Structure formats: C-alpha cells, structure tokens
Amino acid sequence: MKKEEELLKIKKELDELIDSIKVDKNKVDINDNNTNNENNNIPQMSKIFFDEEKNPIIYKEKTEEEKKLIDEIKKEEQIKKDENIEEQEIKNKKRTRKAKKKKKSKKWVITFSILDVIAIVCLFLMYGPISYFRNLWVTSAMTTMTHKYLAYIFFNEEQVQEIMANNIVIEVEGNTNQDEIEFKEPEEEQIVYSSPEEEQVLKKDPGNDLYKVIDIEGSGYKGHLLVVYDASKVQLVQSPSKAYGLTIEQFVEKNNAIAGINAGGFSYKKSTGYSPAGALILDGNIISTGVTSWGGGIIGFTHDNVLVLTKSTAQEAVEMGVRDAVSFGPFLIVNGVASQFKGNGGYGIAPRTAIGQRKDGIVLMLVIDGRRPGHSLGVDMVELTNIMLKYGAYNASNLDGGGSSSIVVNGETLSVAGGSGYSGDRYLPNAWLVMP
C-alpha cells in the first residue's frame, strides 16, 4: 500500500511539471546535437521523449529507487493478472464439467424415454386388442429347443397354453396315394406355363438335367428351393456314429453328394449321443421306432421313388415299400389338399425346412433362412405351405427347422439359421442328400 502511495505522489509531481512546461511539439527540437536543458527551458529534466503516434508526452528520467518500485508494482499486477487467469480457467473448467454433466443427464433422459416407449409398445402388443403379436411371440418361443422361457416373460402357464390352443395345424387326414404320382420329363419346348413359379421349376438350367436352385423371397424372408428332377437320386444318410453328428456340409462331402438338406428331428444327451425323434428307416431297414410330438408322421421315399406321408408305424411303412424315411411334421399337403390352420399354426416364425414332391415326380427341397434381422426372420406354417403350393407340391411336409435348417449345394452353404448361440451349421444325426 505504501509503495502505491509513493508512486501516485511521483505521478502527481510529474503531471504538475508537464502542466507548467506546456510543451509544444513544434517548439521543441529534439536531436542528437542539441541536448542542452537550459536552452530548452526544461528545468530538472535530463531527457525529453516524444510519442510519434500520440501527443507528445514528457517523462522525467526515473531514479533507481523509482524504477525498482515500479518493477515491484508491475510484478504484483502480473501476479494478480495470473491469478485472475487461473481463476477464470477454474471457472471455465467448472462450466465445462457442468455442461458435460448436463449433456450426460440429457443422454440418460433420452435413453430412459426410449426404454419407456419400448416398454409401452411391448405391453400394448402383448396385452392389447391385437392377438397377432402375442400369438407370434408365444408360438415362436415355445417351438424352440432352448428359448421357451421367453414365452413366460409376459404370460403365465395357463395363458401360454391358451395361446397355443388357439394356434394349431389341422392336418389333412389320410396317407399319400402313390398312384397319383406320374413321373414324366418336362417338355423342353413347353411355351405356356400356368404361373411364373411353374416356369421356374420346369425350365432346367443349361447343361444340368439333375437339379436347379431357385432363390425364394417374400415379405420378411429369403430362402432357397432345390428342385431335383430325378427322385431316385434323393437318399437319406445317417451319421456314422451315434455319439456325434455331422453338419450338412460334412454329410455332403463325406458321401460325395451334390447337395443336401437337414432331415428329421432328434434329441441329444452326452450320455447317449444323438437319438432320432420317432421312426427312422434306412434302405428298407428300421433303425428306430416311435412317434414325434411335432404332428405329422413318417416322411419317406419308396423304392419307386414316391414321397410318402403316412401316420403308419415304421413296420407298416416298410410294408408299403418305403426305403428311406424320418419322422416329423406337421404334414402340409397330402394328395394335393393343404392342411388348415388356426391362427399361425402354433409354430410361430422361424427358419424352416420342408420337402415335397410334385405330381410329375419332381422333388422340392425348401429351406427358409431365419432369425437374421435385416436379412430373413423366417416363416410360419401358413406361409411355408403357401410356398410349397405355389411351386406345385402335391405332397409336402415340414421337417426339423430352427437352428437345424441348412442347405448345401456343390460344397457351398446357401442357408444357415441365425440367432443366439449359433456359430454356423448345427451338428445333426441325419440328412437328405442328392447323389450324382
């Protein structure tokens, strides 16, 4: 405080001196040859300095003590300036932290708002007036091997059973009439076709009289239809060991086959390995007996290469002339008559595999991709039946689907089911192959 008072005193004296002199720039001649203070009438001054850009200012040459005092004051001012800068930086940091915190809080608000909307939509879909969505949710979950628990997130056991009862397949009664299948080669010069699908089936690929692949696409799904012109080339094969299965690609490779799809259902335990679900017939020999819980029955080819769908026993099927067969279902079409469906059929939307035969003997092997959002979710039994009907199936059945659905042609895997826990083809106990 004392130093500041001294400085103010000096400044005051200097101002008074300047006022008394009343310097005029035009009267003051400053040069190296004229430095005489007496001639210039400037008492007690050793030097006069002029600011070239501003009005002339006269400064008294400072003593060492004054210079020291000024330096100290400048230092103090610099310290205050630095402190102000530091204080401002602290304030800026606080503002930045507050802004980030506010931004973060805003993100959480948005996130929770989105979750709230999703929750409201889910509750509306599950408990609202439209039954389609809850039927789809429950039936899709209940037909999986490992994700049935999803159905019970929103519904109790009684509600689940009620939903399942309202979504069923009413299968066609009776067995395949083998006499109605008449094998004949497609007419090469046929010009008129009953539908685009008919043309796709009957027009063979150049240089390939055995099979062709048709890409299938519909609302929310994609897949592949393998058309086999010679039914005698379709054979059922089994994994060489019950302890382990094979992927469809491995089945095709090990048996030198051209193509293959998955076949019947199965159960797996570490202690017993792979066990076919229901009856299994290979080359006329009964490998296993029983029925499945999937509806349908025995699905197989006779020695005359006719696809037979029957609810008979394995022994009765062999007596009918069946050479290769698995058990699964539901049956989709029998003798040209489609099954009826209540709701979505009770199987939900999932990857699907189906096998059928046209009245002209051509075999249809269909695999629909599923559980791959953005590509294909899968189909229900209603749509699966419609696809087989469009391509002329006279007899057709659903095969094991879900994570088992797969098709391989010429060593290339065309379809593999997606979903939680899938890393590629599933290991399976048997497969339908197309031999060269």
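As a convention, each chain's residues are numbered from 1 in the sequence order in which they are written. Only residues with pLDDT of 70 or above have their local features reported here, since the model is predicted, and side-chain atom pairs are shown and tallied only from 80 upward, although totals for entire chains, interfaces and linings are computed over all residues. Side-chain measures were taken over the full set of non-hydrogen atoms in the model, leaving aside hydrogen atoms and water.

A short note on the overall build of the protein
Applied cut-off: By the criteria applied, helices consist of DSSP H or I runs no shorter than four residues and strands consist of E runs no shorter than two, each listed in order from the N terminus. Think of it in three bands: with a 1.4 Å probe and only protein chains considered, a residue is buried below 20% of the maximum accessible area for its type, exposed above 50%, and partly exposed in between. Whether two residues are in contact is decided by their heavy atoms, any of which lying within 4.5 Å being enough.
Per the secondary structure count, the protein includes eight helices and 21 strands. Out of the 436 residues in the protein, the part that is buried amounts to 42%. Contacts in the protein between residues at least 24 apart in sequence constitute 70% of all its contacts with a sequence separation of at least 6.

As for the sheet that holds strand β21 (residues 430–434)
Threshold: The pairing criterion for strands is at least two bridges between them, as found by DSSP. In this analysis, axes come from line fits to C-alpha atoms, helices being fitted only over the stretch in contact, and the angle between any two N-to-C directions falls in the range 0 to 180 degrees.
Strand order across the open sheet formed by five strands is β4-β21-β5-β19-β20, with antiparallel pairing between neighbours. Edge positions in the open sheet fall to β4 (234–238) and β20 (412–416), since each of these has one partner strand only. In this sheet, adjacent strand axes meet at a mean angle of 20° when their direction is disregarded.

Examining helix α4 (residues 157–165)
Heads up, the rule is: Along the arc lie the directions from the helix axis toward the C-beta atoms. Two N or O atoms form a polar contact when they lie within 3.5 Å of each other; inside protein one atom must be a possible hydrogen donor and the other a possible acceptor, and for residues adjacent in sequence the pair counts only when both atoms belong to side chains.
Residues of α4 that are buried: V160, I163 and M164. Down the axis, α4 shows its buried residues gathered within 100° of arc, on one side only. Buried residues in α4 make contact with α3 (131–142) and β1 (168–170). For α4, the N-terminal cap is N156; the gap from its side-chain oxygen to the backbone nitrogen of E158 is 3.2 Å.

Here we look at α3
One full turn of an α-helix is made of 3.6 residues, so residues set three or four places apart face in the same direction. We count it as follows: Expected span of a helix: the number of residues minus one, times 1.5 Å.
Here α3 spans 16 Å end to end across twelve residues, near enough to the 16 Å set by a 1.5 Å rise per residue. Regarding α3, the residues found buried are R134, N135, V138, T139, S140, A141 and M142.

Describing the nonpolar core
Note the cut-off: Residues belong to one nonpolar core when they are buried, are Ala, Val, Leu, Ile, Met, Phe, Trp, Tyr or Cys, and are joined through side-chain atoms within 4.5 Å.
Among the nonpolar cores identified, the biggest contains 31 residues, and L226, I299, V326, I355, V363, M365 and W432 are the most heavily contacted of them. Of all the elements, strand β17 (residues 363–368) adds the most residues to this core, at three residues. Formed by 26 residues, the second largest nonpolar core is a distinct cluster that contains Y221, A354, I362 and I387.

Comments concerning the pattern of salt bridges
Condition: Salt bridge, as applied in this entry: a Lys or Arg side-chain nitrogen positioned within 4 Å of an Asp or Glu carboxyl oxygen.
Following the criterion strictly, the structure yields seven salt bridges and no others. As a salt-bridge pair, K212 and D205 come within 4.0 Å of each other at their nearest N and O atoms. Classification of K212 as buried rests on a relative accessible area of 9%. Since its relative accessible area comes to 32%, D205 is described here as partly exposed. Note that D369 and R372 form a salt bridge whose closest N and O atoms lie 3.7 Å from each other. By relative accessible area, D369 is classed as buried at 3%.

Observations concerning a positive patch on the surface
Definition in use: Without a salt bridge and with relative accessible area above 30%, a residue can belong to a patch; like charges are then joined within 9 Å and nonpolar side chains (Val, Leu, Ile, Met, Phe, Trp, Tyr) within 5 Å. Each accessible area value is a Shrake-Rupley result obtained with a 1.4 Å probe; residue values ignore everything except the protein chains displayed when judging cover. Positive: Lys, Arg. Negative: Asp, Glu. His and the chain ends are not part of the count. The atom standing in for a charge is NZ when the residue is Lys, CZ when it is Arg, CG when it is Asp and CD when it is Glu.
There is a patch of like positive charges on the surface, built from K93, K94, R95, R97 and K98. By the secondary structure assignment, R97 is in helix α2 (residues 64–127). Residue R97 is classed as exposed on the basis of its relative accessible area, which comes to 51%.

Brief notes about the sheet that holds β17
One open sheet holds the seven strands; their spatial order is β2-β3-β17-β16-β18-β13-β14, and the pairing between them is antiparallel. The strands lining the two open edges of the sheet, one partner per strand, are β2 (211–218) and β14 (337–338). Relative to strand β3 (residues 221–228), β2 is paired through eight bridges, and the arrangement is antiparallel. Residue V213 lies in a different strand from β3, and its bridge partner there is L226.

Focus on the packing of α3 against α4
Note the following rule: Roughly parallel means an angle under 35 degrees; roughly antiparallel, over 145; roughly perpendicular, 65 to 115; everything else is oblique. Asp, Glu, Lys and Arg are counted as charged, while Ala, Val, Leu, Ile, Met, Phe, Trp, Tyr, Cys and Pro are counted as nonpolar; the rest, among them Gly, fall into the polar class.
Relative orientation of the contacting elements α3 and α4 amounts to 100°, with a least axis distance of 10 Å. Between α3 and α4, the angle falls in the class roughly perpendicular. Here R134, N135, V138, T139 and M142 of α3 lie close against α4, whose contacting residues are V160, I163 and M164. Grouping the constituent residues of the contact of α3 with α4 by class yields five nonpolar, two polar and one charged.

Considering the packing of aromatic side chains
The condition is simple: Geometry of aromatic contacts follows a simple scheme: Phe, Tyr and Trp rings, the Trp one being its six-membered ring, pair when their centres are within 6.5 Å, and the pair is stacked under 30 degrees between planes, edge-to-face over 60, tilted otherwise. Only Lys NZ and Arg CZ are tested; either one counts as a charge over a ring when it is within 6 Å of the ring centre and within 35 degrees of the ring normal.
For the structure on display, the rule yields five aromatic pairs. Ring geometry for F301 versus W432: centroids 5.5 Å apart, planes at 80°, classification edge-to-face. Highlighted residues: F301 in strand β10 (residues 297–302) and W432 in strand β21, separated in sequence by 131 residues. In this structure, F301 and W432 share a single accessibility class: buried. Across from the ring centre of Y229, 4.9 Å away, lies the NZ or CZ of K204, which sits over that ring.

As for the confidence of the model for the protein
This is how it is decided: Values of pLDDT, which run from 0 to 100, indicate the predictor's confidence residue by residue.
Counting all residues, the mean pLDDT for the protein is 83, and 81% of those residues have values of 70 or more. Confidence drops under a pLDDT of 50 for residues 22–60, and excluding neighbours within four residues, the segment shows 37 contacts in the predicted structure.

Observations concerning a nonpolar patch on the surface
On the surface, W108, I110, F112, I114, L115 and I118 cluster together to form a nonpolar patch covering roughly 610 Å² of accessible area. The partly exposed category is assigned to I110, whose relative accessible area is 44%.

Let's talk about the pairing of strand β11 (residues 307–310)
Covered by surrounding structure in β11 are L307 and L309 together with V308 and T310, the residues of both alternating faces. Bridge count for β10 against β11 is four bridges, and the pairing is antiparallel. From the neighbouring strand, I298 faces β11, where its bridge partner is T310. Here β10 folds back onto β11, and the loop between the two strands holds four residues, one of which, N305, carries a positive phi near 70°.

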